[in-house]
Amino acid sequence: MSENQYKKRLVVLGGGESGVGAAILAKDKGMDVFLSDFGTIAPKYLATLEKEDIPHEHGQHTMERILAADEVVKSPGIPDTAPVIKALREKNIPIISEIEFAGRYTDAKMVCITGSNGKTTTTSLIYHILRRAGVDAGLAGNIGNSLALQVARDPHPVYVIELSSFQLDNMYSFKANIAVLLNITPDHLDRYDYKMQNYINAKFRILQNLTPRDAFIYWQDDPVVSAQLRQIATEARIFPFAEHQEENTAAYIDAEDNLIINTPAGSLSMPRADLALHGLHNIYNSMAAGLSACLLNIRRDDIRSALSDFAGVEHRLEPVATINGVEWINDSKATNVNSTWYALEAMKRPVVLILGGKDKGNDYSEILPLVREKVKAIVAMGKDNAKITAYFGENTTLPVIDTHSLADAVEACRGLASDGDTVLLSPCCASFDLFKSYEDRGEQFKEMVKQLK
């Protein structure tokens, strides 16, 4: 590059995994890159930025420098209501996601997964199948290293990418080769003006740019997905999955309790009992993963083996310990009501249920029938439990205990649970009132339970 040749000015907002990855890719592509984070950048990311000699700031936004950008890569956690985003919009400066940015610099095959619940499990399961079959695949999006970092420094011919609605919001030209939409239930409505259709539209962005060569895998029985599909069209080949065989169903459970998968690339059958993951929600996750693997021409024996030995995802129905006959389960990843519904559906023993955290506009009526059927007591854990204690206090005869720390919640559960019961941390809510993240909440829960032994 000559000294007079113009270098594209790229600003990255957010100094987490996606932001730092985008900054490294921009640097490697010869751009004039600057990273700005209004909050605090974690030490490991600060060290990376300094090692890479990437200009950066945190604790402030230098607007003069940000508004001089040709383009901005925005981390998914930054809402459109943030002042810096409003200022960029006023200047008509393009704002994209890290996934959109990274996708420009690779021709790898993209398997992309979204949905309100089950994303991480399905993404991890597809990745497990591919790696077990010897495929050089990368894991990206909400889990693994950022796609941008992998494209820059550790490229793969296939990527399995978990996509949140926030990431999809700022994706425009990016295209999946296999797009998986698991389900849509109310979540993150505080980011979407409390309008469900706005959230639905964000999820359906996973279909954009699909061609007749691409595949769209979705849950056939999801009423929200089905209603939206009646309003829009896709050129992609469609592969619906459902609990029972329906018209055009590509994956289902047959009358002999076998998982059946049918695609133009071949078919697969295996006993449902052989699946490593249990519970109805995990049947759907296994169907979506199996369909994806079949369409990628993975050997059927490799798919069966991987579906039968997958260890599961941390913080999702994760057994912690059994103490004095009481089973303790960490489902901290359940940050919305529908996710807790699936957790309760999988429970076989009486449940002491820990709920609470940052409410995102939850409607607890969805889980009320299962609570009445399976729960013996509720422990509310959060800064403000008024909505939970009022709802379940009025609509059940269960004990509802009000606590405001994890220690108090665990102690309350120990007093309520008996031999043969399950204590289930499945909060229905985001973690940010008392914890750094759902991972932090789950880790603290596991450590506290282990100290009960």
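In what follows, the structure referred to is the one given above.
The sections below set out a description of the structure shown in this document.

Rules of the game
- Residues numbered from 1 in each chain as written.
- Predicted model: local features only at pLDDT ≥ 70, side-chain atom pairs only at ≥ 80, totals over all residues.
- Heavy atoms only, no water.
- Axes fitted to C-alpha atoms, helices over the stretch in contact; angles between N-to-C directions.
- Helix = DSSP H or I, 4+ residues; strand = E, 2+ residues; numbered from the N terminus.
- Parallel < 35°, antiparallel > 145°, perpendicular 65-115°, else oblique.
- Left-handed = near helix turned anticlockwise from the far one by under 90°.
- Contact = heavy atoms within 4.5 Å.
- Phe/Tyr/Trp six-rings, centres within 6.5 Å; stacked < 30°, edge-to-face > 60°.
- Buried < 20%, exposed > 50% of the residue type's maximum accessible area, 1.4 Å probe, protein only.
- Pairing = 2+ DSSP bridges.
- Core = buried A, V, L, I, M, F, W, Y, C linked by side-chain atoms within 4.5 Å.
- Polar contact = N/O pair within 3.5 Å; in protein donor to acceptor, adjacent residues only side chain to side chain.
- 1 Å grid on protein atoms, 1.4 Å probe; cavity = no way out; pocket = protein on both sides within 12 Å on 5 of 7 lines; lining within 4 Å.
- Points joined across faces, edges and corners; volume = space filled by probe spheres on them.
- Nonpolar A, V, L, I, M, F, W, Y, C, P; charged D, E, K, R; others polar.
- Salt bridge = Lys/Arg side-chain N within 4 Å of Asp/Glu carboxyl O.

## Quick look at the packing of helix H6 (residues 119-132) against helix H11 (residues 280-295)
Pairs of packed helices are described in terms of their axes, by the angle between the two and the distance that separates them. Look at H6 against H11: their axes get within 9 Å of each other, and the N-to-C directions meet at 40 degrees. Taken together, the axes of H6 and H11 are oblique relative to one another. Crossing angle aside, the handedness with which H6 passes H11 is right-handed. Residue-level inspection shows Thr121, Thr122, Leu125, Ile126 and Ile129 of H6 in contact with H11, the latter providing Asn282, Asn285, Ser286, Ala288, Ala289, Ser292 and Ala293.

## Description of the packing of aromatic side chains
For the structure shown, the criterion picks out 9 aromatic pairs. Ring geometry for phenylalanine 101 and tyrosine 105: centres 5.6 Å apart, planes at 75 degrees, overall edge-to-face. With relative accessibility at 30%, the residue tyrosine 105 sits in the partly exposed group. Between tyrosine 364 and tyrosine 391, the ring centres sit 6.3 Å apart and the planes meet at 40 degrees, which makes this aromatic pair tilted. With a gap of 27 residues between them, tyrosine 364 in the loop between strand S17 (351-355) and helix H14 (368-374) and tyrosine 391 in helix H15 (residues 386-395) connect regions that are remote in the sequence. On the accessibility criterion, tyrosine 364 (2% relative accessible area) is buried.

## Points about the environment of alanine 334
Among the structural elements, alanine 334 can be located in the loop between strand S16 (326-330) and helix H13 (337-346). Taking C-alpha positions, alanine 334 is 17 Å from isoleucine 113, a pair spaced 221 residues apart along the chain. Filtering out sequence-adjacent residues up to four positions away, alanine 334 remains in contact with Arg316, Ser339, Thr340, Ser426, Pro427, Cys428, Cys429 and Arg441.

## Regarding the sheet that holds strand S1 (residues 9-13)
Judged by pairing direction, the sheet is parallel, and its 5 strands sit side by side in the order S3-S2-S1-S4-S5 without closing on themselves. Single-partner strands in this sheet number two, and they are strand S3 (56-58) and strand S5 (95-96). As paired elements, S1 and strand S2 (residues 32-37) share 5 bridges and run parallel to each other. Bridge pairing in S2 places arginine 9 opposite aspartate 32.

## A word on the nonpolar core
Inside soluble globular proteins, nonpolar side chains tend to come together where they are buried. Phe101, Leu147 and Ile161 are the most contacted members of the largest nonpolar core, which has 51 residues in total. Discounting residues that sit within four places of it in the chain, isoleucine 161 has contacts with Ile99, Met110, Val111, Cys112, Ile113, Thr123, Ala140, Gly141, Leu147 and Phe174. With 44 residues, the next largest nonpolar core counts Val111, Leu259, Met270 and Tyr284 among its residues.

## Describing the side chain of threonine 422
Inspection of the secondary structure puts threonine 422 in strand S20 (residues 422-425). A relative accessible area of 1% means that threonine 422 is categorised as buried. Within the local environment of threonine 422, its side chain forms a polar contact with the side chain of glutamate 327, the two groups lying 2.9 Å apart. Setting aside residues no more than four positions away along its own chain, threonine 422 makes contact with Glu327, Ile329, Met347, Arg349, Pro350, Val351 and Val352.

## Observations concerning the layout of surface pockets
One number sums up the size of the second largest pocket: a volume of about 440 Å³. Along its surface, the second largest pocket is lined by 23 residues, and His278, Asn282, Arg316, Leu317 and Pro319 are the ones closest to its centre. Put simply, the parts of the chain that give the lining of the second largest pocket at least two residues each are H11, strand S15 (318-323) and S16. For the lining of the second largest pocket, the residue count by class is 10 nonpolar, 7 polar and 6 charged.

## A word on the sheet that holds S17
The 6 strands are arranged S15-S16-S20-S17-S18-S19 in an open sheet whose pairing can be described as mixed. The open sheet has two edge strands, S15 and strand S19 (400-403), and neither has a second partner. Recorded for the sheet is a direction-independent mean angle of 20 degrees between the axes of neighbouring strands. Sheet topology places S17 next to S20; 4 bridges connect them, and they run parallel. Opposite leucine 353, over in S20, you have leucine 424 as the bridge partner. The strands touched by H13 within the sheet are S17, strand S18 (375-381) and S20, with S17 carrying the most contacts at an inclination of about 165 degrees. Lying on the sheet, helix H17 (residues 438-450) is in contact with S15, S16, S17, S18 and S20; it crosses S15 at an angle near 20 degrees.

## Here's the deal with empty space enclosed by the protein
Empty space among the atoms can be located by rolling a probe the size of a water molecule over them. The final tally for this structure, using the stated rule, is 2 cavities of 30 Å³ or more. Estimates place the volume of the largest cavity at around 90 Å³. Contributing to the lining of the largest cavity are Asn117, Gly118, Leu182, Asn183, Trp219, His281, Tyr284, Asn285, Arg316 and Tyr342. For the lining of the largest cavity, the element with the highest residue contribution is H11, accounting for 3 residues. Split into classes, the residues belonging to the lining of the largest cavity amount to 4 nonpolar, 5 polar and 1 charged.

## Some thoughts on the pattern of salt bridges
Here the structure, examined in full by the defined rule, presents 22 salt bridges. The closest approach of N and O atoms between arginine 9 and aspartate 70, which form a salt bridge, is 3.9 Å. One end of the pair, arginine 9, is in strand S1; the other, aspartate 70, is in the loop between helix H3 (63-66) and strand S4 (71-74), and 61 residues separate them in sequence. Arginine 9 sits in the partly exposed class, given a relative accessible area of 33%. A residue is classified by how much of its surface remains accessible, and aspartate 70, at 29% relative accessible area, is partly exposed. Between arginine 299 and aspartate 302 there is a salt bridge, with its nearest N and O atoms 3.3 Å apart. In this structure arginine 299 comes out as exposed when scored by relative accessible area, which is 51%. Where salt bridges share partners, they join Lys27, Asp28, Glu52 and Arg153 into one cluster.

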